[in-house]
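Read off the chains here:
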Amino acid sequence: MGELSIRILVALLGIPLLLFVILQGDIYFFSVIVLIAVISQWEMYKILQSKAIHISIIPGYALGILLLFFTAYGFNTNLILISFFALLFLFAFEMFRNKGSAILNIAGTLLGIIYPVAFLAALLFLRFNIDKILPKTGYNPAGMFIITTVSYTHLRAHETVLDLVCRLLLEK
């Protein structure tokens, strides 16, 4: 099967499924966003590991999922404590691990939490709070994702030379 036929098949199955998830919202949307976040973190951590940065994978995934949960469902005292102890564990673990640079390892772990997960948290915030953002205006929920995607593409079109160099260095 050629690459074009795979792309067409994915488009025919994926777009209706994605629209269903967006329109259903709540747990369906949250689950898909968590799945995409974990896959994105995994990819980010693989890139960083190829640069000889030793990632703390389990605290990274846990903190990323907690960030998404906080964004979607609000803050909970118990979850805030769990997040605090996960960060504390991350810092303490790196102090005694003696694998490469502790600062780079912590920075890489936090980058894997912030970079891929923050964009997805913004989508969750929009989806779960759209009624507060656009009260009774007859909005189309799928429209906000088109706007977000177009905005991201527009930002990439105006990328500076320094941004391009940083991105190319990370991709190597």
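The written sequence of each chain sets the order in which its residues are numbered from 1. It should be noted that, the model being predicted, local features are given only for residues of pLDDT at least 70 and side-chain atom pairs only at 80 or more, the latter also being counted only at that level, while totals for whole chains, interfaces and linings use all residues. Computation of side-chain values covers all heavy atoms of the structure but excludes hydrogens and water.

1. Thoughts on the side chain of Ser83
Under the scheme used here, helices are H or I runs from DSSP no shorter than 4 residues and strands are E runs no shorter than 2 residues, and both carry numbers assigned from the N terminus. Here Ser83 shows up in helix α4 (residues 77-97). Residue contacts are counted whenever heavy atoms from the two residues lie within 4.5 Å of one another. With near-sequence residues (within four places) excluded, Ser83 lies in contact with Leu63, Leu66 and Phe70.

2. Quick look at the environment of Gly25
With respect to the helices, strands and loops of the structure, Gly25 is situated in the loop between α1 (3-24) and α2 (26-50). Taking relative accessible area as the criterion, Gly25 reaches 2% and is therefore assigned buried. Along the chain, Gly25 and Phe128 lie 103 residues apart, while their C-alpha atoms are 7.8 Å from each other. Burial classes: relative accessible area under 20% of the type maximum marks a residue as buried, over 50% as exposed, and values in between as partly exposed (1.4 Å probe, protein chains only).

3. A look at the packing of aromatic side chains
Working definition: rings of Phe, Tyr and Trp (its six-membered ring) pair if their centres are within 6.5 Å, and the pair is stacked with planes under 30 degrees apart, edge-to-face with planes over 60 apart, and tilted otherwise. Inspection of the entire model under this criterion finds 9 aromatic pairs. Consider the rings of Tyr73 and Phe128, whose centres lie 5.4 Å apart with planes at 75°: the pair is edge-to-face. Here Phe128 lies in helix α5 (residues 102-128) and Tyr73 lies in helix α3 (residues 57-73), a separation of 55 residues in the sequence. Overall, the relative accessible area of 37% leaves Tyr73 in the partly exposed class.

4. So, the confidence of the model for the protein chain
Per-chain confidence: the protein chain averages 78 in pLDDT, with 76% of residues scoring 70 or above. For the protein chain, helix α7 (residues 141-157) is the element with the lowest average pLDDT, namely 52, and α2 is the one with the highest, namely 90. The score called pLDDT rates the predictor's confidence residue by residue, from a low of 0 to a high of 100. Ignoring residues within four places in sequence, the model shows residues 150-155, a span with pLDDT below 50, making 0 contacts including any to other chains.

5. Comments concerning the pattern of salt bridges
Pairing between side chains of opposite charge can happen when the charged atoms of each approach one another. Salt bridges are identified by distance alone: a Lys or Arg side-chain nitrogen within 4 Å of an Asp or Glu carboxyl oxygen. What the rule picks out here adds up to 2 salt bridges. One salt bridge in this structure joins Arg7 and Glu3, with 3.0 Å as the shortest N-O distance. With a gap of 4 residues between them, Arg7 and Glu3 both fall in helix α1, about one helical turn apart. For the pair shown, Arg7 and Glu3 are each scored as exposed. One salt bridge in this structure joins Arg97 and Glu94, with 2.5 Å as the shortest N-O distance.

6. Some details on the nonpolar core
Buried Ala, Val, Leu, Ile, Met, Phe, Trp, Tyr and Cys residues that are joined via side-chain atoms within 4.5 Å together make up what is termed a nonpolar core. Counting 14 residues, the largest nonpolar core has Phe29, Phe30, Ile33, Ala37, Leu68, Leu120 and Leu124 as its most contacted members. Every element with two or more residues in this core is listed here: α1, α2, α3 and α5. Counting residues in hydrophobic clusters, the runner-up holds 9 residues, among them Tyr45, Ile53, Leu63 and Ile113.

7. Quick notes on α4
A helix is expected to span 1.5 Å multiplied by its residue count minus one. Its 21 residues place the ends of α4 30 Å apart at the C-alpha level, agreeing with the 30 Å of an ideal helix rising 1.5 Å per residue. Here α4 has its buried residues at Leu79, Ser83, Ala86, Leu90, Glu94 and Arg97. End-on, the buried residues of α4 take up no more than an arc of 75°, which puts them together on one face. Across α4 from its buried face, at more than 90 degrees, point the exposed residues Thr77, Asn78, Phe85, Met95 and Phe96. Of the surrounding secondary structure, the elements contacted by the buried residues of α4 are α3 and α5. Following α4 by one or two positions, Asn98 has its phi on the positive side, about 55°. The arc in question is traced by the directions running from the helix axis to the C-beta atoms.

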